[in-house]
Amino acid sequence: DAKTTQPNSMESNEEEPVHLPCNHSTISGTDYIHWYRQLPSQGPEYVIHGLTSNVNNRMASLAIAEDRKSSTLILHRATLRDAAVYYCILRVGPEKLVFGKGTKLTVNP
Amino acid sequence: DSGVTQTPKHLITATGQRVTLRCSPRSGDLSVYWYQQSLDQGLQFLIQYYNGEERAKGNILERFSAQQFPDLHSELNLSSLELGDSALYFCASSARATSNEAFFGQGTRLTVV
């Protein structure tokens, strides 16, 4: 299965932007890049996804490198509620999401 | 609230036993996915059903089975339980067969003693 590499943990301060990096050097041309997050004691929550172009939604922005070997999830203003484990995922085929270890984001007040 | 309902929230059972976990997908969603989350393995895809038919299979043990009923709810059956089966089991649903945006339930925490 296609693999992603993320830092184990990151810290941010409240109200500041957060850039969460992800490397996926073995990505194939048809693999979508998905981001999910998992708050403590909850199920994963969809954040954003993209294929080639940068994407924005109400939660975050996704910046995809031109060669697609890396991407960055951008939270524009971190809040305490954004503290979670963030998973960068390549959708393998049309069905399954293959989760890695994720990045644990700590947001300091 | 994702709209995906899983029952029960917690389950404690003994080794060798059999349990059934239930999932009601979001209204209108045809796809249901099952995932297992343990401390050492992270989130592992088990199986997907789409409109009653098995669509994709992941790392699901032969002791585990699932089905999706005509009303689209799904059940995951775990038998001959072992201590290592203790984990959080998540169900997710999506509108179509492809999972661009999947909605996860709160999970069932299974403890095998």
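This structure is a prediction, so every number in the text was calculated from the model and none was measured. (Residues numbered from 1 in each chain as written. Chains lettered and ligands numbered in written order. Predicted model: local features only at pLDDT ≥ 70, side-chain atom pairs only at ≥ 80, totals over all residues. Heavy atoms only, no water.)

A.B. asks: So what exactly am I meant to see when it comes to the overall build of chain B here?
C.D. replies: The number of helices and strands found in chain B is 0 helices and 11 strands. For chain B, the succession of helices and strands along the chain, N to C, is β-β-β-β-β-β-β-β-β-β-β. The C-alpha atoms of chain B give 13 Å as radius of gyration, which agrees with the globular expectation for 113 residues (13 Å, within 12%). Taken over the C-alpha atoms alone, chain B extends approximately 35 × 30 × 25 Å along its principal axes. Within the span of chain B, comprising 113 residues, buried residues form 50% of the whole. Contacts in chain B between residues at least 24 apart in sequence constitute 55% of all its contacts with a sequence separation of at least 6. Separation of charge centres in chain B, based on 9 positive and 11 negative side chains, amounts to 2 Å. (Helix = DSSP H or I, 4+ residues; strand = E, 2+ residues; numbered from the N terminus. Rg over C-alpha atoms; globule rule 2.2 N^0.38 Å. Buried < 20%, exposed > 50% of the residue type's maximum accessible area, 1.4 Å probe, protein only. Contact = heavy atoms within 4.5 Å. Lys, Arg positive; Asp, Glu negative; His and termini not counted. Charge placed at Lys NZ, Arg CZ, Asp CG, Glu CD.)

A.B. asks: I tried to follow the interface of chain B and chain A on my own but got confused; where do I start?
C.D. replies: By a widely used convention, the size of an interface equals the accessible area lost when the partners come together. Listed by partner, the interface residues are 19 residues for chain B and 18 residues for chain A. Buried area between chain B and chain A, summed over both chains or domains, comes out near 1,600 Å², and the portion from carbon and sulfur atoms is 50%. Across the chain B-chain A interface, the total number found is 0 salt bridges. The tally of links from chain B across to chain A stands at 2 residue pairs in polar contact (both at pLDDT 80 or more). When contributions to the side of chain B that touches chain A are tallied by element, the ones reaching two or more residues are strand 4 (31-38), strand 5 (42-50) and strand 6 (53-57) of chain B. (Buried area = accessible area lost by both parts, 1.4 Å probe. Salt bridge = Lys/Arg side-chain N within 4 Å of Asp/Glu carboxyl O. Polar contact = N/O pair within 3.5 Å; in protein donor to acceptor, adjacent residues only side chain to side chain.)

A.B. asks: Hey, could you run me through the sheet that holds strand 3 (residues 19-24) of chain B in this one?
C.D. replies: Strand pairing in a sheet takes place through backbone hydrogen bonds and is either antiparallel or parallel in direction. All names here are of chain B. Spatial ordering of the open sheet is given by 1-3-8-7, a layout of 4 strands whose pairing is antiparallel. This sheet does not close on itself; its edge strands, each paired only once, are strand 1 (5-7) and strand 7 (64-68). Within this sheet the neighbouring strands show an average axis-to-axis angle of 15 degrees, counted without direction. Note that strand 1 and strand 3 share 3 bridges and pair antiparallel. For Thr5, the partnering residue across the bridge sits in strand 3 and is Ser24. (Pairing = 2+ DSSP bridges. Axes fitted to C-alpha atoms, helices over the stretch in contact; angles between N-to-C directions.)

A.B. asks: Quick question: what am I supposed to make of the side chain of B:Gln36 here?
C.D. replies: All names here are of chain B. Of note, Gln36 is situated in strand 4. For Gln36, a relative accessible area of 14% translates into the label buried. Reaching out from Gln36, the side chain makes a polar contact with the side chain of Tyr89 at a distance of 2.9 Å. Sequence-distant contacts of Gln36, that is, excluding residues within four places in its chain, are made with Gly42, Leu43, Gln44, Leu46, Phe64, Asp85, Ala87, Leu88 and Tyr89.

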